[in-house]
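Spelled out from the first residue to the last, the chains are:
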2 protein chains.
Amino acid sequence: MSVITVERKILEKNDAVARQNRELFLRHGIFVINLVSSPGAGKTSLLERTLEHLRGSIRVAVIEGDVQTDLDAQRVALYGVPAVQIITRGGCHLEANLVREALQNIALASIQLLIIENVGNLVCPSNYDLGESLKVVVGSTTEGDDKPLKYPAMFRNASVLIINKIDLVPYLQSDPAILRTNALQINPSLRVFETSCTSGVGIEEWCTWLREQVKR
Amino acid sequence: MSVITVERKILEKNDAVARQNRELFLRHGIFVINLVSSPGAGKTSLLERTLEHLRGSIRVAVIEGDVQTDLDAQRVALYGVPAVQIITRGGCHLEANLVREALQNIALASIQLLIIENVGNLVCPSNYDLGESLKVVVGSTTEGDDKPLKYPAMFRNASVLIINKIDLVPYLQSDPAILRTNALQINPSLRVFETSCTSGVGIEEWCTWLREQVKR
């Protein structure tokens with residue numbers, strides 16, 4: 001019982017900092033995405049395609065969250081955007097105060113869109129508000145079509161589902177239509193995109209939607 | 001700081017129960033696997049192929065750990081083995097006391113091999129000993145080849161790496177040889193198998209190794 005109390009206190013503290021982050025983003029008119037998924041669903045690849053696509057039209061910054069290594073920030077920095085790496089050293093999710101610290105390395109007045117790539121984990125990040133405008137969950141076709149049922153909190157808390165690696169469907173036994181149905185059963189208001197970072201399918205549609213959110 | 005103390009106490013309590021589980025397994029001469037991976041790497045499919053292969057030669061039982069649903073226990077039960085489902089209701093990993101409770105539904109004197117399928121999560125389960133003989137981490141080729149570097153604790157604590165979905169390699173940009181090299185860099189003593197649950201490649205080799213462990 002004491003453990004639950006401690007956990008609740010941690011979440012309350014986190015939510016308070018998240019609210020401050022959110023106010024800061026609102027003040028600067030920045031649209032903020034908290035990008036979540038299993039390890040290897042393709043968050044960083046999607047980010048690369050997105051940065052490629054938005055180059056010259058939207059000013060973006062990226063915060064990368066990883067348990068270990070700054071490999072992802074290195075990949076993202078190649079696209080000429082400000083990229084800050086948070087290494088959690090074993091921590092299974094980002095928290096609002098880590099994001100607040102990372103923000104000190106980003107010139108907020110000069111960006112319109114901030115993408116926060118969370119630690120690859122379909123469970124823990126769902127509880128931690130970072131102050132984002134919305135959560136985008138990336139599901140890969142290769143993970144099978146039952147994940148929304150087995151990890152419902154993440155799909156319930158997200159506003160957007162990106163079904164990635166759609167190019168691999170011909171070689172799989174799982175069905176993206178069933179994945180979509182399962183996700184909408186958990187959260188009927190999910191906006192769903194289908195993408196492939198290899199073929200480029202769906203990236204334009206996703207980026208068009210993103211541009212509309214930023215311009216709001 | 002108080003949080004770290006609480007976490008340490010939780011781990012110490014868990015380790016004490018894990019030791020009791022381990023003694024119980026030793027007394028009954030049961031070889032126990034703690035099967036870990038990202039969501040959707042193919043743990044349950046691998047389990048299905050393994051049960052198919054071992055049928056009639058080794059007496060197996062299965063404990064399924066999931067955040068939600070008993071879909072996996074249903075799949076496994078079709079193979080005629082005792083299967084107990086643990087639903088963590090949001091919990092991101094199995095703990096030794098959950099396993100201890102589940103064991104009350106298994107006739108330990110009548111089995112030789114127990115496979116515990118953990119929650120799909122490449123971070124949190126690495127800290128929680130369940131009393132197993134060893135951890136087997138399943139990595140999917142579709143997750144990319146950098147995961148051992150980004151989630152080192154899991155690969156450090158595992159004794160076996162199964163590189164699954166090897167049939168999809170022709171359609172991917174990632175390289176299983178690099179995945180293997182990265183994993184061995186983190187943990188040089190890892191025993192590595194390459195499998196496909198679709199084509200059946202590698203299942204025989206994996207099951208032969210498993211049979212040898214059980215017969216020891």
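Criteria and thresholds
Residues numbered from 1 in each chain as written. Chains lettered and ligands numbered in written order. Predicted model: local features only at pLDDT ≥ 70, side-chain atom pairs only at ≥ 80, totals over all residues. Heavy atoms only, no water. Helix = DSSP H or I, 4+ residues; strand = E, 2+ residues; numbered from the N terminus. Rg over C-alpha atoms; globule rule 2.2 N^0.38 Å. Contact = heavy atoms within 4.5 Å. Axes fitted to C-alpha atoms, helices over the stretch in contact; angles between N-to-C directions. Parallel < 35°, antiparallel > 145°, perpendicular 65-115°, else oblique. Left-handed = near helix turned anticlockwise from the far one by under 90°. Nonpolar A, V, L, I, M, F, W, Y, C, P; charged D, E, K, R; others polar. Pairing = 2+ DSSP bridges. Expected span 1.5 Å × (residues − 1). Buried < 20%, exposed > 50% of the residue type's maximum accessible area, 1.4 Å probe, protein only. Buried area = accessible area lost by both parts, 1.4 Å probe. Salt bridge = Lys/Arg side-chain N within 4 Å of Asp/Glu carboxyl O. Polar contact = N/O pair within 3.5 Å; in protein donor to acceptor, adjacent residues only side chain to side chain. Least-squares fit on C-alpha atoms with pLDDT ≥ 70 in both. Core = buried A, V, L, I, M, F, W, Y, C linked by side-chain atoms within 4.5 Å.

## Quick word on the overall build of chain A
Check the secondary structure of chain A and you find eight helices and seven strands. For 216 residues, the compact-globule estimate of 2.2 N^0.38 gives 17 Å, and the C-alpha radius of gyration of chain A, at 17 Å, lies within 12% of that figure. Along the longest, intermediate and shortest principal axes, the C-alpha atoms of chain A span 50 × 45 × 35 Å. When contacts within chain A are restricted to residue pairs at least 6 apart in sequence, those whose partners lie at least 24 apart make up 72%.

## Topic: the packing of helix α2 (residues 43–54) of chain A against helix α8 (residues 203–215) of chain A
All names here are of chain A. With their axes 10 Å apart at the nearest point, α2 and α8 run at an angle of 65° to one another. Taken together, the axis directions place α2 and α8 in an arrangement best described as roughly perpendicular. Between α2 and α8 the crossing geometry is right-handed. Of the residues in α8, those in contact with Leu-46, Arg-49, Thr-50, His-53 and Leu-54 of α2 are Ile-203, Glu-204, Trp-206, Cys-207, Leu-210 and Arg-211. Partitioned by chemical class, the residues of the contact of α2 with α8 number six nonpolar, two polar and three charged.

## So, the sheet that holds strand β6 (residues 160–164) of chain A
Residues and elements named next belong to chain A. As summarised here, the arrangement of the seven strands in space is β3-β2-β4-β1-β5-β6-β7, forming an open sheet in which the pairing is parallel. Where the open sheet ends on each side, the last strands, each with one partner, are β3 (83–87) and β7 (191–194). Direction aside, the axes of adjacent strands within the sheet are offset by 20° on average. By the bridge criterion, five bridges tie strand β1 (residues 31–37) to strand β5 (residues 134–140) in an arrangement that is parallel. In the sheet register, Val-36 faces β5, and the bridge partner there is Val-137.

## Quick notes on helix α2 (residues 43–54) of chain B
All names here are of chain B. Taking 1.5 Å of rise per residue, twelve residues should cover 16 Å, and α2 covers 16 Å from first to last C-alpha, within 8% of that figure. Those residues of α2 not exposed but buried are Lys-43, Thr-44, Leu-46, Leu-47, Glu-48, Thr-50, Leu-51 and Leu-54. Positive phi appears at Gly-56, one or two residues downstream of α2, with a value of about 90°.

## What about the interface of chain B and chain A?
Reports often express the size of an interface as the amount of accessible area lost when the parts come together. If you look at the interface, chain B gives 37 residues, while chain A gives 37 residues. Together, the buried faces of chain B and chain A total about 2700 Å²; carbon and sulfur atoms form 65% of this surface. Together, Pro39(B), Lys150(B) and Tyr171(B) form the three largest contributors to the area buried by chain B at its contact with chain A, with a combined 22%. Here chain B is connected to chain A by four salt bridges. Among the ionic pairs, Asp66(B) bridges to Lys150(A), the shortest N-O distance being 3.7 Å. Counting across the interface, chain B meets chain A through eight residue pairs in polar contact (both at pLDDT 80 or more).

## Structural notes on the relation of the copies chain B and chain A
Rotating chain B by 180° and translating it 0.0 Å along the rotation axis places it on chain A, where the RMSD comes to 0.0 Å. The superposition of one copy onto the other is thereby described by a two-fold rotation axis.

## Concerning the sheet that holds strand β2 (residues 60–66) of chain B
Residue and element names in this part refer to chain B. In space, the seven strands of this open sheet follow the order β3-β2-β4-β1-β5-β6-β7, with parallel pairing throughout. Two strands close off the open sheet at either side, each with one partner strand: β3 (83–87) and β7 (191–194). Going across the sheet, the axis of each strand differs from the next one's by a mean of 20°, ignoring polarity.

## A look at the nonpolar core
Val137(A), Phe155(A), Leu161(A), Val137(B) and Leu161(B) are the most contacted members of the largest nonpolar core, which has 40 residues in total. Elements supplying a minimum of two residues to this core: α6 (152–157), β6 and α7 (176–186) of chain A together with α6 (152–157), β6 (160–164) and α7 (176–186) of chain B. Looking at this core, the element that brings in the most residues is α7(A), giving three residues. Not counting the four nearest positions on each side in its chain, Val137(B) is found in contact with Val36(B), Leu122(B), Met154(B), Phe155(B), Ala158(B), Val160(B), Leu161(B) and Ile162(B).

## Considering the pattern of salt bridges
Residue and element names in this part refer to chain B. By the definition in use, this model includes 18 salt bridges over all chains. The residue Glu-52 makes a salt bridge to Arg-49 at a minimum N-O spacing of 3.4 Å. Of this pair, Glu-52 and Arg-49 both sit in helix α2, three residues apart, which is roughly one turn of that helix. A residue is classified by how much of its surface remains accessible, and Arg-49, at 22% relative accessible area, is partly exposed.

## A closer look at the side chain of Asn187(A)
Residues and elements named next belong to chain A. Within the secondary structure layout, Asn-187 lies in the loop between α7 and β7. Among the residues examined, Asn-187 registers a relative accessible area of 6% and is labelled buried. Reaching out from Asn-187, the side chain makes a polar contact with the backbone oxygen of Arg-156 at a distance of 3.2 Å. At a separation of 2.9 Å, a polar atom in the side chain of Asn-187 contacts the main-chain carbonyl oxygen of Ala-158.

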